[in-house]
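Descriptive analysis of the structure
What follows is each chain in one-letter form.
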Amino acid sequence: MLKNKTNANFSSLHLIFMFFGGVVFLFIVAPLFSLFLKTPFIDIKEAALDKEVVSSIYLTISVSMVGTLIFSIFAIPLAYLLSKKDFLFKKIITGIIDLPIVIPHSAAGIAILGIISRNSLLGTTAEYFGYNLIGNPLAIMLAMSFVSIPFLINSARDGFSAIPERIEKTALSLGASPLKVFFTISLPLAKRSIFSGLILMWARGLSEFGAVIIVAYHPIITPVLIYERFSSFGLKYARPVTVLFLIICFSIFILFRLLSNEKK
């Protein structure tokens, strides 16, 4: 009798949670479903044949991927230190790392602009070699990476934190160097969290608008192109680009997630 009552309560709890979860899921799906429903296939096809659209999608995806790969070289070791070592001002550093998630992205763009403008050290150096960083794909990459790198650091840090210290200490006691322990034990054991962080950083970067439009309106990335077409021509011309971009990004995202599951 008690067992049946417990099962009934458990089922009721699940039903309540399913209702709340359904509300959230509907909140996410409804706008996307409406977007796809109101966009004729012929318009999506025309967008796919538009050279400006194709060029912007390629630029957006590639620059975000390159930025993710480059900054991962520096972010993953930092995540390891944050997870394994205690040092002065660690909590302050952790808080600063999360700042790009909190601050308005237009403010992030202005901050990036401050280090690549012509009167900055980086901007002056680039100009000396004949490059103007403003309006350059490099500026886009910096803006995308700035707002998205916390996702990689936090995910990788959680992965490293989940590794039992005794495994690494045992390897060290057997004569392995700290570098060897990192590459042969820590990194492989945290690879799922790191891969998820890479996916999240890439996905967040390619969706960036506010920071990018400050540092590089051109060459134009897809979020900026969508805004430009909406403000200049209206919703009818912005929807097909949006839908096409969503389809491509979602397909790549699912592919990456499948690869991540294979790493289990």
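Here's a quick rundown of the structure. (Residues numbered from 1 in each chain as written. Predicted model: local features only at pLDDT ≥ 70, side-chain atom pairs only at ≥ 80, totals over all residues. Heavy atoms only, no water.)

**Regarding the overall build of the chain**
Rules: Strands here mean DSSP runs of E at least two residues long; helices mean DSSP runs of H or I at least four residues long; both are numbered from the N terminus. Residue exposure (1.4 Å probe, protein chains only): buried if accessible area is under 20% of the type maximum, exposed if over 50%, otherwise partly exposed. Contact between two residues is taken to exist if any of their heavy atoms lie within 4.5 Å; hydrogens are not considered. Using the Shrake-Rupley algorithm and a 1.4 Å probe, accessible areas are obtained, with residue cover drawn only from the displayed protein chains.
Helix and strand counts for the chain come out as 13 helices and 0 strands. Going from the N terminus to the C terminus, the chain shows its helices and strands as α-α-α-α-α-α-α-α-α-α-α-α-α. In terms of principal-axis extent, the alpha carbons of the chain reach across some 65 × 60 × 30 Å. A total of 264 residues make up the chain; the buried ones form 38% of that total. Within the chain, contacts between residues separated by at least 24 positions form 76% of all contacts whose residues are at least 6 apart in sequence. Looking at the chain as shown, the accessible area adds up to about 16,100 Å², and 72% of this sits on carbon and sulfur atoms.

**Description of unusual backbone geometry**
At the junction of His218 and Pro219, the peptide bond is cis and its omega measures out at 0 degrees in the coordinates. Here Pro219 is to be found in the loop between α11 (210-215) and α12 (222-233). Of note in this structure, Phe89 is not a glycine but carries a positive phi near 65 degrees. Within the element layout of this structure, Phe89 appears in the loop between α3 (51-84) and α4 (90-102). For Phe89, a relative accessible area of 52% gives the class exposed.

**Structural notes on the packing of aromatic side chains**
Stated precisely, the cut-off is as follows: Between the rings of Phe, Tyr and Trp (Trp by its six-membered ring), a pair exists once the centres lie within 6.5 Å; its type follows the angle of the planes, with under 30 degrees stacked, over 60 edge-to-face, and the other angles tilted. Criterion for a charge above a ring: Lys NZ or Arg CZ within 6 Å of the ring centre, and within 35 degrees of the ring normal.
Summed over the entire model, instances satisfying the criterion amount to 9 aromatic pairs. Ring pairs connect the aromatic residues Tyr80, Phe160, Phe182 and Phe183, which therefore count as one cluster. Stacked on the ring of Tyr237, the Lys or Arg Lys236 has its end atom at 5.3 Å from the ring centre.

**Brief notes about the pattern of salt bridges**
Quick reminder of the rule: Should a side-chain nitrogen of Lys or Arg be within 4 Å of a carboxyl oxygen of Asp or Glu, the pair is scored as a salt bridge.
What the rule picks out here adds up to 7 salt bridges. In this structure, the salt-bridge partner of Glu168 is Lys84, at a minimum N-O distance of 3.2 Å. Taken together, the residues span a long stretch of sequence, with Glu168 in helix α8 (residues 165-173) and Lys84 in helix α3 at a distance of 84 residues. Classification of Glu168 as buried rests on a relative accessible area of 6%.

**Comments concerning the side chain of Glu228**
So the rule is basically this: The positive count covers Lys and Arg only, the negative count covers Asp and Glu only, and His and the chain ends enter neither.
The residue Glu228 is located in helix α12 in this model. No salt bridge is formed by the buried Glu228. Its closest oppositely charged neighbour is Arg229, at 5.7 Å. The contacts of Glu228, once residues within four sequence positions are left out, are Glu52, Tyr217, His218 and Ile220.

**Considering helix α9 (residues 178-189)**
Note the threshold: To obtain the arc, one takes the directions from the helix axis to the C-beta atoms.
Listed as buried for α9 are Val181, Phe182, Ile185 and Ser186. All buried residues of α9 project into a common sector of 130 degrees when viewed along the axis, lining one side. Facing away from the buried side of α9 by over 90 degrees, the exposed positions are Leu179 and Lys180. Among the structural elements, α3, α7 (137-161) and α8 are those in contact with the buried residues of α9.

**A look at the packing of α8 against α9**
Defined as follows: To get an axis, fit a line to the C-alpha atoms, keeping to the stretch in contact for a helix; angles then go from 0 to 180 degrees between the N-to-C directions. Note on angle classes: values under 35 degrees are labelled roughly parallel, values over 145 roughly antiparallel, values of 65 to 115 roughly perpendicular, and the remainder oblique. Each crossing gets its handedness from the near helix: less than a right angle anticlockwise from the far helix is left-handed, clockwise is right-handed. Charged means Asp, Glu, Lys or Arg here, nonpolar means Ala, Val, Leu, Ile, Met, Phe, Trp, Tyr, Cys or Pro, and polar covers whatever is left, Gly included.
Between α8 and α9, whose axes approach to 10 Å, the crossing angle comes to 150 degrees. When the axes of α8 and α9 are compared, the pair comes out roughly antiparallel. Where α8 crosses over α9, the two elements pack in a sense that is right-handed. Residues Ile167, Glu168, Ala171 and Leu172 of α8 pack against Pro178, Val181, Ile185, Ser186 and Leu189 of α9. Taken together, the residues that form the contact of α8 with α9 break down as 7 nonpolar, 1 polar and 1 charged.

**Looking at the nonpolar core**
This is how it is decided: Buried Ala, Val, Leu, Ile, Met, Phe, Trp, Tyr and Cys residues that are joined via side-chain atoms within 4.5 Å together make up what is termed a nonpolar core.
Counting 38 residues, the largest nonpolar core has Ile116, Ile140, Val212, Val215 and Ile221 as its most contacted members. Going through the elements one at a time, α2 (41-49), α3, α5 (105-116), α7, α10 (191-206), α11, α12 and α13 (235-262) are the ones with two or more residues in this core. Ile140 has contacts with Leu59, Val63, Val212, Val215, Ala216, Pro219 and Ile221, leaving out every residue within four places of it along the chain. Ranked by size, the runner-up nonpolar core spans 16 residues in total, among them Ala75, Ile76, Ala156 and Ala190.

**Focus: the side chain of Lys90**
Examined against the element boundaries, Lys90 turns out to sit in helix α4. A relative accessible area of 19% places Lys90 in the buried class. Residues contacting Lys90, with those up to four places away along its chain left out, are Leu82 and Lys85.

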